[in-house]
Amino acid sequence: MLRAATFFAALLLAPLAARAEVMLSGFLQQNTAFNTAGQNPDGRHYKWLEERARIKLDATGDAWRLLVKGDLAYDHLGRQNEGELREGYLDYAGGNWDLRLGRQVITWGLGDLVFVNDFFPKDHEALFAGRPLEYLKRGVDAVKLGAYPEFASFELVLSPNFRESRIPDARRFWLYDPMPTVTNRETVKPGQGDIGLRVYRDVAGYDAALYLYRGFQRTPSMRPDSMTAPAKITYFYPKLSVYGASLSGRAGEGVLSLEAAYYDSREDRAGSDFAVPNSQTRLLAGYQIQPAEDVSLGFQYYAETMHDYDAYLAALSAGFPVEERWSHTVTARLTQFFLHQTLRLSAYASYNASNGDYFVNPELRYSFTDKVWGAVGANFFGGKPWSQFGQLARDDNVYLQARYEF
Amino acid sequence: MKRWWIWMIAALLSLAFSSQAQALSGEEVMKKSQAAFLYPGKDFKARVVMKLINKDGQERVREMTMLRKNMGEAGGDQKYFMYFFQPSDVKDMTFMINKYPAKDDDRWMFIPAISMVKRIAAQDKRSSFVGSDFTYEDVSGRDIEDDTHVVEREEKVGDRDCYVVKSTPKGADSDFGYKFTWVDKSNFLPLKEEQYDRKGARYKQFTADEIADVKGIPTAVKRTMKNLQTGHRTEVAYLKSDYDLGIEDSLFSERFLRQPPRKWVD
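Everything numeric in this text was worked out from a predicted model, so none of it was measured. Position labels on residues start from 1 in each chain and follow its written sequence. The order in which chains are written sets their letters, starting at A; the order in which ligands are written sets their numbers, starting at 1. Reporting in this predicted model follows two pLDDT cut-offs: at least 70 for local features of residues, and 80 or more for side-chain atom pairs to be given and counted; totals over whole chains, interfaces and linings ignore these cut-offs and use all residues.

Each helix corresponds to a stretch of at least 4 residues labelled H or I by DSSP, and each strand to a stretch of at least 2 residues labelled E; elements are numbered beginning at the N terminus. The secondary structure content of chain B amounts to five helices and 13 strands. Along the longest, intermediate and shortest principal axes, the C-alpha atoms of chain B span 90 × 40 × 35 Å. Note on contacts: each residue gets a C-beta atom placed from the backbone, and two residues are in contact if those atoms are within 7 Å. In chain B, of all internal contacts separated by at least 6 residues, the share reaching a separation of at least 24 is 43%.

Written out as structure tokens, the structure is:
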């Protein structure tokens, strides 16, 4: 189906391409992440070990543009030959409207590795396995419509098929599993798509935006067929709607970012189903300053609160970990450039005051030439054995990235 | 006879007054220079190729399309839009600056790798522009009011008559202690600038290496900034420079930051 569509799209575009400016580029990349705290569940010593090639085709006409980014990779840890269409879309720009059709990466919101109004799929495994930042985002197959009348800008994203976030592979990462003996597991994906809307404009020098989402949680929930004698676990993506807002602008010497969202857990509004996340409010405040030349400092405070906490407690089975009603997280990032901005030091740290969860990611990146760069970094995790980063405490790793761009 | 002396004095006095009326103050020279160098036309477009060259001669290239639009009179607000072609790891990155003479700029950046628009803090206008020897102020202008300006002397640069203006920062937060600017007396372009550090040692030197006539406007299409203390220099060529293209206000928006229109960034 997708192949046929691609073929017909190519046929349709051929005459346009004859008049277009076409550019081919890409890269070759090596990416390795060594374990520093012990071996993987599958006994291996690497979180990531692959060579990768990217081809990017960029064809531009007067009002349209075709962009295709495709990757081919060889994974040494068992996945072997992997091909992936990272992005592949057609743009059409009208006077005060535009359209993007196809697989595309969309990022909304203001957070730095904290997501309040970015409803689009991510690749958490990529982040934890020391891959380049662009792999944190997964493309969605969607139609994006933009309308830009005078009073505000609108972006509507319609995806006919739901695409989930990628969670770390249980063979490579030590993940918390409350029922490790149950091996019969299946995943049920929603048969529908989802829809997102962003409206934004300038308000007195501040960038203001409103967000709406109607779809599903991007990470799965698990439901055993029986609590007392489970034989099968089903992973599913609960229904979700989000209503959010953001504001960013200059405050004092730096840039202030504020974000808030209400997560309406439509699958279980009462909050009494233990398998479905409670409805939540998420709040984020960020501040970024430039204290000296080529130095940038960013701080974030992030809070989540459950709306039906009593119902959550009542529904929780004995033996399952208990979450707090409020979760408070602080993060900090330092970025500093050296040697005419060819060497970049960056360090990110996140700490959750409610459960002691932490994630630390220092990285040093150097551009050897305008075409070759390399990075060395590390991921350190800790906290409660069942919490987001705590479960990964044995997954600490040091990574290397090297890329030749052409 | 006495009459003759009176006439003589009157004539001399009037000459003295008129020449004083013609002589520009340091501040006036720098204002005219900024208008000629950074504000000509209603808008401006160029393909900017920057070569960052270290003391061993190793080169790195930064290439971008730069668009500028004046939002009012010379010396007033401006908007800048930049689209990067090189190096390859920042290809497709765009950058937007709203420049206000009396307060900090607003800056936004689009990071294509994760398709994200970020507003960035920008209180330090003396910081390096894309790693080059030019600062943001060198590219988009320094507030006239930040320094005191005195015309020290007049001098030729090549065959051009110039004012030599000494500018000394009023505050103590600048990386330079004072600087001299050689401003062409006829078109007010800065042909040379010498910066001294806070200890009085020679620090940076700017030269306008080639002036071209673009739509009747003299334009510095080749420029060099050299750091005399490190030996690092940046050579800039403004290719395809053009004025008064009718750049719309709407270009300077998040929409086009994410999807820069082809007609403006080629």
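This part is about the overall build of chain A. Assigned secondary structure in chain A consists of three helices and 21 strands. Only C-alpha atoms enter the radius of gyration; for comparison, a globular chain is expected to reach 2.2 Å times N to the power 0.38, where N is the number of residues. The C-alpha atoms of chain A give 22 Å as radius of gyration, which agrees with the globular expectation for 406 residues (22 Å, within 12%). Considering only C-alpha atoms, chain A reaches an extent of 65 × 55 × 45 Å along its principal axes. Classification of the 406 residues of chain A by burial places 28% in the buried group. Here the analysis covers contacts within chain A between residues at least 6 apart in sequence; of these, 58% occur between residues at least 24 apart. Buried residues are those with 20 or more other C-beta atoms within 10 Å of their own C-beta, exposed residues have 12 or fewer, and partly exposed residues lie in between; C-beta atoms are placed from the backbone.

Our next topic: the pairing of strand 5 (residues 97-104) of chain A. Residues and elements named next belong to chain A. Here strand 4 (residues 80-93) runs beside strand 5; their pairing, made up of six bridges, is antiparallel. What sits directly across from Gly88, in strand 5, is Arg103. Only strands joined by at least two bridges in the DSSP assignment are considered to pair. Bridge count for strand 5 against strand 6 (residues 140-147) is eight bridges, and the pairing is antiparallel. When the sheet's bridge partners are listed, Gly102 is paired in strand 6 with Ala142.

All names here are of chain A. As summarised here, the arrangement of the three strands in space is 8-12-11, forming an open sheet in which the pairing is mixed. Strand pairing shows two members of the sheet lacking a second neighbour, strand 8 (185-188) and strand 11 (221-224), which therefore form its edges. On average, adjacent strands in this sheet sit at an angle of 25° to one another, irrespective of strand direction. In terms of strand pairing, strand 8 meets strand 12 (residues 233-236) through four bridges, oriented parallel. The partner of Val188 across the bridge, within strand 12, is Phe236. Only the stretch in contact is used when a helix axis is fitted, and all axes are lines through C-alpha atoms; the angle between N-to-C directions ranges over 0 to 180 degrees.

Inspection of the sheet shows strand 10 (residues 206-216) of chain A paired to strand 13 (residues 239-251) of chain A by ten bridges, in the antiparallel sense. Within strand 13 of chain A, the position partnered with Ala209 of chain A by the bridge is Ser246 of chain A.

All names here are of chain A. Relative to the helices and strands, Thr219 resides in the loop between strand 10 and strand 11. Judged by the 16 C-beta atoms lying within 10 Å of it, Thr219 falls in the partly exposed class. Apart from residues no more than four positions distant in its own chain, Thr219 is found in contact with Ser165 and Ile167.

Turning our attention to the interface of chain B and chain A. Listed per partner, the contact involves 30 residues of chain B and 36 residues of chain A. Elements represented by at least two residues in the side of chain B that touches chain A include exactly strand 2 (59-70), strand 6 (116-120) and helix 4 (254-258) of chain B. Broken down by element, the residue count for the side of chain B that touches chain A peaks at three residues, all from strand 6 of chain B. Residues are sorted three ways: Asp, Glu, Lys and Arg are charged, Ala, Val, Leu, Ile, Met, Phe, Trp, Tyr, Cys and Pro are nonpolar, and all the rest, Gly among them, are polar. For the side of chain B that touches chain A, a count of residues per class yields eleven nonpolar, nine polar and ten charged.

Moving on, we get to the nonpolar core. Note on terminology: a nonpolar core is any set of buried Ala, Val, Leu, Ile, Met, Phe, Trp, Tyr and Cys residues joined through C-beta atoms within 7 Å. Counting 25 residues, the largest nonpolar core has Val48, Tyr80, Phe81, Met82 and Met96 of chain B as its most contacted members. Ranked by size, the runner-up nonpolar core spans 20 residues in total, among them Val140, Val157, Leu284 and Tyr302 of chain A.

Residue and element names in this part refer to chain B. Compared with an ideal rise of 1.5 Å per residue, which puts 13 residues at 18 Å, helix 2 (residues 26-38) spans 18 Å between its outermost C-alpha atoms and is within 8% of the ideal. Those residues of helix 2 that fall on the buried side of the exposure criterion are Gly26, Val29, Met30, Ser33, Gln34, Ala36 and Leu38. The elements touched by buried residues of helix 2 are helix 3 (136-140), strand 7 (147-157), strand 8 (160-169), strand 9 (178-184) and strand 10 (190-196). Any helix carries an expected span of 1.5 Å times its number of residues minus one.

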